[in-house]
Amino acid sequence: MSSGHNPWLIASVVAMAAFMELLDTSIANVALPYMAGNLGVSNDESTWVLTSYLVSNAIMSCMAFFTLSSVLCGIAPTLSFLLLFRVLQGLGGGGLQPMAQAILADTFPPEKRGLAFAVYGITAVIAPALGPTLGGWITYNYTWRWIFFINLPVGLLAIFLVLRLIEDPAYLKTVNKAGIKVDYIGIALLVVGVGALQVMLDRGQEDDWFSSHFILALAIMAAVGLISLVLWEWFTKHPIIDVRLFKNFNFLSSNVMMFLLGVVYFSSLVMIPQFLQTLIGYTAEVAGLVLSVSAVLLLIEMPIVGLLASKFQARYLTAFGWLCLGLGLFYSTKEFGPFIDFWTATRVRTAQVAGLGFLFVPITLASYVGIPQEKSNMVAGMINFMRNIGSGVGTSMVTTMIARRSQYHQTILVGSVTPDNPTFLNTVNDLTSKLTQSGSSLDQAQMQAHARLYQSAQSQAAALAYIDTFWFLGVAAMIMFVLSFVLKKNEPGKGEAAAG
């Protein structure tokens, strides 16, 4: 909180800091193939650049550390160093989101939080959408290293403004004077549990899951770490995570929904540029443009939702958002395919994000209902933690689903292609004839015909796998639509829970 400064100026500053951090959760998406080629690794290995950041992103905070580690990412000579610096970047940036949200909760009274969170929400949903376009443009025209170097001037400006404008609220000053007791055991259990979980999810598909002793060991480590974390935090006097807050139904429900929002939103944000670049052949810049066109809709939508949050119950806005998101994902299954064009892909992405504005703000508001002000930092940290963990889980989940479903569909498609299949034979003969007319020998033409048909089967299998994944995410969104009505009533504009 600040003394003597306009609260909307404070909102703008903290939103800028959060925007910088959120941009980095997606700016590397479209640059992965370029990173893989430049650093001499496979595309599968390069996806660690995303998940390594999301692991640590939910744990610690330091803006200066984030800026410095961004520069280190830009000069990384190998994938190993890049992963290390991305982890450090996540450690530095992890606190920027909850810090920004907590400052807004302290600065604005409950009746104005909806609009304030809408301002912050613009950064939360638009920054990941703009990231691929900006990252694609920078990567295509310069080098992927500059997607990290641009954080330096923005970070320095954000640090300067925060130091000038932001002060701790009175209740935090009181706590600080009494002395801060750090929950080192809780931090250690959190790092071990979440880190093991994320690495397990990321490596599971490549190592064939629990048939691998390494994956099994990680699963046990994650389970022990997270269960121990909950037990320790329940009984310790100064927890890093106040798990007792989950006794509040709205807080529990809000965290579950924010986790699912992270899963659905970020996984779809990864899937589309990956599909467009690997199967359609788009450049990073064009793939990023497909995602960013939808950001215009969100830019218009978020302030409107902020105003609506002061007039309508959060559960109704949340239900509407999940319904729109689910319908958008189902629409994607009808339009997606190996021959999708730019504007169809843009319509698909726009349909997917149409409901996002109606989710972030109401869910965030619901998380504060019935929670004392001195717990604002804890609420902000937890709600952002759940979204970040959902983002990491979503990325790993869809990677596995796409790989498995691609294998399944490829088996079905190839299995139907037999020498006695007249359709297959006619296709091979026609293609062979065209290739021989272009100058190839008969043997070469037959080999090329079979190779092209196999490649076509692979593309179709991959497209069907993406469609299956969109169906799964759509069903998850519709389940959340039903559960939205279980949320307790709130009094719009007052931030208090109603008795019903």
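Residues numbered from 1 in each chain as written. Predicted model: local features only at pLDDT ≥ 70, side-chain atom pairs only at ≥ 80, totals over all residues. Heavy atoms only, no water.

J.: How should a nonpolar patch on the surface be read in this particular structure?
T.: A cluster of nonpolar side chains, contributed by F249, W471, V475, I479, L483 and V486, occupies part of the molecular surface with about 510 Å² of accessible area. Inspection of the secondary structure puts V475 in helix 21 (residues 442-483). (Patch = residues over 30% accessible without salt bridge, like charges linked within 9 Å, V, L, I, M, F, W, Y side chains within 5 Å. Areas by Shrake-Rupley, 256 points an atom, 1.4 Å probe, with all protein chains shown as cover. Salt bridge = Lys/Arg side-chain N within 4 Å of Asp/Glu carboxyl O. Helix = DSSP H or I, 4+ residues; strand = E, 2+ residues; numbered from the N terminus.)

J.: Would you take a moment to explain the packing of helix 14 (residues 249-280) against helix 17 (residues 342-353) for this structure?
T.: How two helices sit against one another is set out by the angle between their axes and by the gap between those axes. One way to put it is that helix 14 packs onto helix 17 with a least axis distance of 11 Å and a crossing angle of 175°. Taken together, the axes of helix 14 and helix 17 lie roughly antiparallel to each other. Contacts between helix 14 and helix 17 pair Y265, S268, L269, I272 and L276 from the former with A345, R349, Q352 and V353 from the latter. Per-class residue counts for the contact of helix 14 with helix 17 are 6 nonpolar, 2 polar and 1 charged. (Axes fitted to C-alpha atoms, helices over the stretch in contact; angles between N-to-C directions. Parallel < 35°, antiparallel > 145°, perpendicular 65-115°, else oblique. Contact = heavy atoms within 4.5 Å. Nonpolar A, V, L, I, M, F, W, Y, C, P; charged D, E, K, R; others polar.)

J.: I keep staring at the environment of T436 and nothing clicks. Help me out?
T.: Within the secondary structure, T436 sits in helix 20 (residues 422-437). With relative accessibility at 29%, the residue T436 sits in the partly exposed group. Sequence separation between T436 and Q446 is 10 residues, and the spatial gap between their C-alpha atoms is 8.9 Å. Once you skip the residues sitting within four places of it in the chain, T436 turns out to touch S441, L442 and A445. (Buried < 20%, exposed > 50% of the residue type's maximum accessible area, 1.4 Å probe, protein only.)

J.: What exactly am I supposed to notice about the packing of aromatic side chains here?
T.: Aromatic rings considered in pairs are described by the distance between their centres and by the relative angle of their planes. Across all of its chains, the model carries 10 aromatic pairs by this definition. Note on F275 and Y466: the rings are 4.9 Å apart at their centroids and 70° apart in plane angle, and the pair reads as edge-to-face. With F275 in helix 14 and Y466 in helix 21, the pair connects residues that are 191 residues apart, well separated along the chain. Like Y466, F275 is buried. Here F336 and Y466 contribute two aromatic rings whose centre-to-centre distance is 6.3 Å and whose plane-to-plane angle is 35°, an arrangement assigned as tilted. Of the two residues, F336 sits in the loop between helix 16 (314-335) and helix 17 while Y466 sits in helix 21, which places them 130 residues apart along the sequence. An aromatic cluster is present here, built from F275, F336, Y466 and F470 joined pairwise through their rings. (Phe/Tyr/Trp six-rings, centres within 6.5 Å; stacked < 30°, edge-to-face > 60°.)

J.: What is the right way to read the nonpolar core from this model?
T.: Within soluble globular proteins, side chains that are nonpolar generally end up buried alongside one another. By size, the foremost hydrophobic cluster in this structure holds 51 residues, and its most contacted members are L276, W322 and F336. Those elements that place two or more of their residues in this core are helix 14, helix 15 (284-308), helix 16, helix 17, helix 18 (357-368), helix 19 (376-415) and helix 21. Among residues more than four places away in sequence, those in contact with L276 are G281, Y282, A287, V290, I340 and A345. Judged by nonpolar contacts, the second largest core, of 26 residues, contains M200, I215, L218 and F251. (Core = buried A, V, L, I, M, F, W, Y, C linked by side-chain atoms within 4.5 Å.)

J.: Would you explain helix 18 in this entry?
T.: Since the α-helix packs 3.6 residues into each turn, any two residues three or four apart lie on the same face. Of all 12 residues in helix 18, 12 are buried; the element is thus mostly enclosed. Every buried residue of helix 18 is listed here: G357, F358, L359, F360, V361, P362, I363, T364, L365, A366, S367 and Y368.

J.: Just to check I follow, could you spell out the packing of helix 16 against helix 18 for this structure?
T.: Contact geometry of helix 16 with helix 18 gives a least axis separation of 8 Å together with a crossing angle of 150°. By the angle between their directions, the pair helix 16 and helix 18 is classed as roughly antiparallel. Crossing handedness for the pair helix 16 and helix 18: left-handed. Here A314, L317, T318, F320, G321, W322 and L325 of helix 16 come into contact with helix 18, specifically with F358, L359, P362 and I363. Residue classes in the contact of helix 16 with helix 18 are distributed as 9 nonpolar, 2 polar and no charged. (Left-handed = near helix turned anticlockwise from the far one by under 90°.)

J.: Where do I start with the confidence of the model for the protein chain in this structure?
T.: Should the pLDDT be low somewhere, the predicted coordinates at that spot are not to be read in detail. Across the protein chain, pLDDT averages 74, with 68% of residues at or above 70. Throughout residues 495-500 the model reports pLDDT below 50, and contacts reaching past four residues in sequence, or to other chains, amount to 10 contacts. (pLDDT = per-residue confidence, 0-100.)

J.: Honestly, the side chain of S391 in this entry has me stumped. Any pointers?
T.: With respect to the helices and strands, the residue S391 is situated in helix 19. Looking at S391, its side chain comes within polar contact range of the main-chain oxygen of R387, at 2.8 Å. (Polar contact = N/O pair within 3.5 Å; in protein donor to acceptor, adjacent residues only side chain to side chain.)

J.: Even after reading the chapter, I still don't get the pattern of salt bridges, so can you show me in this structure?
T.: Where side chains of opposite charge bring their charged atoms close, a pairing between them can arise. Taken as a whole and judged by the stated rule, the model has 1 salt bridge. Taking the shortest distance from any N to any O, the salt bridge between D468 and R405 comes out at 2.9 Å. Placement of the pair is D468 in helix 21 and R405 in helix 19, with a sequence separation of 63 residues. Taking the relative accessible area as the measure of exposure, D468 reaches 22% and is therefore partly exposed. Judged by its relative accessible area of 29%, R405 falls in the partly exposed class.

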